[in-house]
Structure formats: structure tokens, C-alpha cells
Amino acid sequence: MSLSEITARITATAQAKGRDPADITLIAVSKVQPAARVEAVLQDGHRIFGENRVQEAQGRWPEFQSRFDGIDLHLIGPLQTNKARQAVEMFSAIHTLDRPKLAKRFADLAQERGTSPELFIQVNTGEEPQKAGCLPADADAFIADARSMDLPLKGLMCIPPVEEEPALHFALLAKIAARNGLTGLSMGMSADFETAIGQGATHIRVGSAIFGERAYD
């Protein structure tokens, strides 16, 4: 599916739900994609990309940034605390803040640097033991703790369990965000982004629908 087809579907879904398509940010998930595919999307004019790993992003994006203006990188994968400095230097937004130790590290770096990426707290809405994210029952307290550190919280992020109805998880995330006064909702991927838009998503993370299936080593 082409980038233009994805954007057309975003526009149609948003309008059908009474939303402004301009309020929805499309993050093209370029992780593990060949450079040629990423360059093709850049040539089409898209500039907002999501990566899962700091090291992979460091190896890919400096060369593209030397040739294309306005590239905006979002970290959408789990982050080790010892990679936090590299992450805040490279990404404009980090969608996977999930624990107090990482929040404290971001706060220290923000104090040192005088700036910070926008941050999304990842919520493990399915309470899956193998998945990152704070538990829904702990989300309110963690949001309050992050705010007490003056972190720039943009919103919340989730990845629903693959075997469950995503709308239920998107609705839960939206409810947690609303009661905490957060407007950003990073939710929805290639298979369910239209459902996410219907539940209020502000950031959708679409990879294979734009680039094709990934070829993992």
C-alpha cells in the first residue's frame, strides 16, 4: 500500500468520525526496513519516522539527515536507561517511558541540557508479562510522578495484545489520558489504525502497510 493510500484512509476515517485529519500524526515505522524503502518514502515527502532501537537509528539517519531537511524521529521501542542520553539527542519524541528509573534519567538529562523530547508513557493495557509498559492500575501515580519531575508529558502509548479486540485497549488508554488531562494518544498500527483514529488517536505508527513486510535477520 502506498503512502498516499494510507494518508487518504487517515483523512477519510478522521472525517467520518468528525475529526480534523491534521490532528493525526502519521509515524512511518522504518525499523528493520531496507534503506532504499525508507529513501523512497522520503522522496515522497514524508518526514516523520519511528525507530525501535537507538543503535539502528544512529546507523541509518545521519546520512539521510544530510540530504533531506525536516526529518522528525520518534523512538517507539523499549529504551535501556544507559541509552537515554543518545535517545534524547536523536529523537524529538519518545513513546516508551515506562518506569521511574527512566523518568529520573530523563529529568536529569533535561536539567542538564535545558530541553527534552516530548514523552509518552507506555501503558501495558493487556497486562502482558512479556511486554513493556506500566500497568493500568499504576498509570495515574506514574503520570503524577513524571509531572513532579517537570517532564514534558505529551500523552500515553499502548500496543494491544494481538489476539484481543484493539478498540477495548484504545478506549482504556483514552480514558486514562482524559482523567489525567493528557491529549496525546499514540496508538494504532498497520492493521488497526482506523480503529485507533475512531478512539481518538493523535499519533499512529504504521510500518508494513507503507514499506512492505519486514525482513528480520
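Counting restarts for each chain, with residues numbered from 1 along the sequence as it is written. It should be noted that, the model being predicted, local features are given only for residues of pLDDT at least 70 and side-chain atom pairs only at 80 or more, the latter also being counted only at that level, while totals for whole chains, interfaces and linings use all residues. In computing side-chain values, all of the structure's heavy atoms are included and hydrogens and water are not.

Caption draft 1: Just unusual backbone geometry, in detail. Within the chain, valine 32 stands out as a residue other than glycine whose phi angle is a positive 60°. The secondary structure listing takes helices from DSSP runs of H or I that are at least 4 residues long and strands from runs of E that are at least 2 residues long, numbered from the N terminus. Within the secondary structure, valine 32 is located in the loop between β1 (25-29) and α2 (35-43). Each residue is assigned to one of three classes by its accessible area relative to the maximum for its type, calculated with a 1.4 Å probe on protein chains only: buried under 20%, partly exposed between the two thresholds, exposed over 50%. Judged by relative accessible area, valine 32 falls into the partly exposed class, the value being 27%. Phi angles above zero are rare outside glycine, and glutamate 127 is one such case at about 50°. Residue position: glutamate 127 is located in the loop between β5 (118-122) and α6 (136-148). A relative accessible area of 52% means that glutamate 127 is categorised as exposed.

Caption draft 2: Up close: the packing of aromatic side chains. Within 6.5 Å between ring centres, the rings of Phe, Tyr and Trp (the latter by its six-membered ring) count as paired, and their orientation is classed by plane angle as stacked under 30 degrees, edge-to-face over 60, tilted in between. Applying the stated criterion across every chain yields a total of three aromatic pairs. Taken together, the aromatic side chains of Phe49, Trp61, Phe64 and Phe68 make up a single cluster linked through ring pairs.

Caption draft 3: Fine view of the packing of α6 against helix α7 (residues 166-179). All axes here are fitted lines through C-alpha atoms, helices being fitted over the stretch that makes contact, and every angle between N-to-C directions spans 0 to 180 degrees. Viewed as axis vectors pointing N to C, α6 and α7 meet at an angle of 30°, and their least axial separation amounts to 10 Å. Here α6 lies roughly parallel to α7, going by the angle between them. When you trace α6 past α7, the crossing you get is right-handed. Taking contact as the criterion, the partners of Pro136, Ala139, Asp140 and Ile143 in α6 are, on α7, Leu172, Ile176 and Arg179. Note on residue classes: Ala, Val, Leu, Ile, Met, Phe, Trp, Tyr, Cys and Pro are nonpolar, Asp, Glu, Lys and Arg are charged, and everything else, Gly too, is polar. Broken down by class, the residue content of the contact of α6 with α7 amounts to five nonpolar, no polar and two charged. Any angle from 65 to 115 degrees is called roughly perpendicular, while one under 35 is roughly parallel, one over 145 is roughly antiparallel, and all others are oblique. Two helices cross in a left-handed way if the nearer one is turned anticlockwise from the farther one by less than a right angle. They cross in a right-handed way if the turn is clockwise. Pairs of residues are marked as contacts when any of their non-hydrogen atoms sit within 4.5 Å.

Caption draft 4: Structural detail: α2. Looking at α2, one finds that the buried residues are Val38, Val41 and Leu42. Buried residues of α2, seen end-on, are gathered within an arc of 105° and therefore sit on one face of the element. Every exposed residue of α2 that faces more than 90 degrees away from the buried side is listed here: Ala36 and Gln43. Of the surrounding secondary structure, the elements contacted by the buried residues of α2 are α1 (3-16), β2 (48-51), α3 (54-67) and α9 (208-211). Working definition: the arc comes from the directions between the helix axis and the C-beta atoms, pointing outward to the latter.

Purely geometric numbers; function is a separate question.
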